[in-house]
Amino acid sequence: PPPEALLEVKGLVTAYGRIEVLHEVDLTICRGEIVSLVGANGAGKSTLLMTLSGLQPVDRGGLVYAGADLTRIPAHQRVAMGIVQVPEGRQVFRDLSVHDNLRLGAFTRKGGVEVSEDLEQVYNRFPILRQKRDQLAGMLSGGQQQMLALGRALMARPRLLLLDEPSMGLAPLIVEEIFDIIRELNGEGITVFLVEQNASQALAISDRAYVLEAGRVVLEGAGRDLLEDDKVKAAYLGI
Ligand code: ATP
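This write-up is about the structure you can find in this document.

Conventions we followed
- Residues numbered from 1 in each chain as written.
- Predicted model: local features only at pLDDT ≥ 70, side-chain atom pairs only at ≥ 80, totals over all residues.
- Heavy atoms only, no water.
- Near = heavy atom within 4 Å.
- Polar contact = N/O pair within 3.5 Å; in protein donor to acceptor, adjacent residues only side chain to side chain.
- Helix = DSSP H or I, 4+ residues; strand = E, 2+ residues; numbered from the N terminus.
- Nonpolar A, V, L, I, M, F, W, Y, C, P; charged D, E, K, R; others polar.
- Expected span 1.5 Å × (residues − 1).
- Buried < 20%, exposed > 50% of the residue type's maximum accessible area, 1.4 Å probe, protein only.
- Contact = heavy atoms within 4.5 Å.
- Axes fitted to C-alpha atoms, helices over the stretch in contact; angles between N-to-C directions.
- Parallel < 35°, antiparallel > 145°, perpendicular 65-115°, else oblique.
- Left-handed = near helix turned anticlockwise from the far one by under 90°.
- Pairing = 2+ DSSP bridges.
- Right-handed = clockwise from strand over helix to strand, strands pointing away.
- Salt bridge = Lys/Arg side-chain N within 4 Å of Asp/Glu carboxyl O.

Moving on, we get to the site of the ligand. In the vicinity of the ligand lie 13 residues, with Gly42, Gly44, Lys45, Ser46 and Thr47 positioned nearest. Gly42 has a polar backbone atom sitting 2.8 Å from an oxygen atom of the ligand. Here an oxygen atom of the ligand and a side-chain polar atom of Gln197 are 3.2 Å apart. Take the shell around the ligand: its biggest share by element is three residues, from helix H1 (residues 45-53). For the shell around the ligand, the residue count by class is four nonpolar, six polar and three charged.

Across its 13 residues, helix H6 (residues 142-154) extends 18 Å between first and last C-alpha, which sits within 8% of the 18 Å expected from 1.5 Å per residue. Of all 13 residues that make up H6, twelve are buried, and the element is covered over most of its length. All buried positions along H6 are accounted for by Gly143, Gln144, Gln145, Gln146, Met147, Leu148, Ala149, Leu150, Gly151, Arg152, Ala153 and Leu154. Tucked into the core, H6 has its buried residues touching strand E6 (83-86), helix H3 (98-104), helix H4 (113-125), helix H5 (127-131), strand E7 (160-164) and helix H7 (172-187).

Inspection of the secondary structure puts His23 in strand E2 (residues 19-30). A residue is classified by how much of its surface remains accessible, and His23, at 18% relative accessible area, is buried. Side chain to side chain, His23 and Glu20 meet in a polar contact 2.9 Å long. Setting aside residues no more than four positions away along its own chain, His23 makes contact with Leu12, Ala214, Gly215 and Arg216.

Attention now moves to the packing of H6 against H7. Contact pair H6 / H7: the axes reach a minimum separation of 10 Å and the direction vectors enclose 15°. Judged by the inter-axis angle, H6 sits roughly parallel to H7. With respect to the hand of their crossing, H6 and H7 are arranged in right-handed fashion. Where H6 approaches H7, its residues Gly143, Gln146, Met147, Leu150 and Leu154 are matched on the opposing element by Ile174, Glu177, Ile178, Ile181 and Leu185.

When strand E9 (residues 208-213) meets strand E10 (residues 216-222), the two strands line up antiparallel, connected through six bridges. By the bridge assignment for E10, Tyr210 is matched with Glu220. With antiparallel pairing between neighbouring strands as the criterion, E9 and E10 make up a hairpin whose turn holds two residues, including Ala214 at a positive phi of roughly 45°.

The buried fraction of E7 amounts to five of the five residues, a majority that puts the element mostly inside the structure. Residues Leu160, Leu162 and Asp164 of E7 are buried on one face, and the alternating residues Leu161 and Leu163, pointing to the opposite face, are buried as well. Pairing between E6 and E7: four bridges, direction parallel. Among the inter-strand pairings, Val84 is bridged to a residue of E7, identified as Leu161. The parallel pair E7 and strand E8 (residues 191-196), bridged by H7, forms a crossover whose chirality is right-handed.

Applying the stated rule across the entire model yields twelve salt bridges. With a shortest N-O distance of 2.9 Å, Arg130 and Glu120 are connected by a salt bridge. Of this pair, Arg130 sits in helix H5 while Glu120 is found in helix H4, placing the two residues ten residues apart along the sequence. Take Glu120: its relative accessible area is 38%, and that puts it in the partly exposed class. When salt bridges that share partners are traced, they join Glu114, Asp118 and Arg157 into one network.

The next point concerns the sheet that holds strand E1 (residues 5-16). Two modes of strand pairing occur in sheets, parallel and antiparallel, and in both the strands are linked by backbone hydrogen bonds. The strand order E2-E1-E4-E5 describes an open sheet built from four strands, whose pairing is antiparallel. Looking at the sheet topology across the chains shown, the edges are occupied by E2 and strand E5 (68-69). Pairing analysis gives two bridges linking strand E4 (residues 60-65) to E5, with the strands arranged antiparallel. In the strand pairing of E5, Val64 is matched with Asp69. Together, E1, E2 and E4 form the strand contacts of H1, whose direction differs from that of E1 by roughly 115°.

Bear in mind that shape data such as this cannot, by itself, settle questions of function.
In structure tokens, the structure reads:
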């Protein structure tokens, strides 16, 4: 069957005050895909993610999610619909325990047995978090905090995970581990939209990718094809 769109971004314009940052961005994320967004500092990648998660309002254009208009839906409702962002810099609650950070990830849910089961699953996936469940999140290493941020997102039962620079500031081995986890989650049916500076690794695990330059999509294609693209190589892969 042909791929089915999970999220469509149509002619999206986002501005801070009078300064337009995204200029009529069009892109589609299909069910089951890993799609990455590559671009230089300041291209508007984080702004796009914040607009998708509802933390930044849409100025013009629209968003369609699972066939329904998402454009004016508030952020907390988007979480309940399965759109869950892992923000840049992890943003764990440093003064709360690992366990409480995870429980907060389920804030849009009713609680009870299902949430406890999901907590158990997160601890099984990230044994280090079980080991540190009563420690303050601020005491974790960068990689552990990224795992906590992912675990917290999983507690919301995402259908679409929005990941902002998950490998930022992490040692190469940990980066590998994070990319493996992203692939694993995708294999379990979670659609992934990935913003990365680490373009070569992002493209390597992506079905498709978009290149954003100064708030415009300038290139799109299969992850593998973009890895071989001369312009992408020169601008983003340091080749
Ligand atoms: P980075 O990798 O550095 O985060 P990015 O591609 O994610 O870059 P954005 O953070 O989305 O880019 O920023 C896009 C543009 O919007 C930049 O010119 C930035 O200075 C500007 N910008 C970002 N946040 C704000 C804000 N809250 N108010 C005003 N301008 C902003």
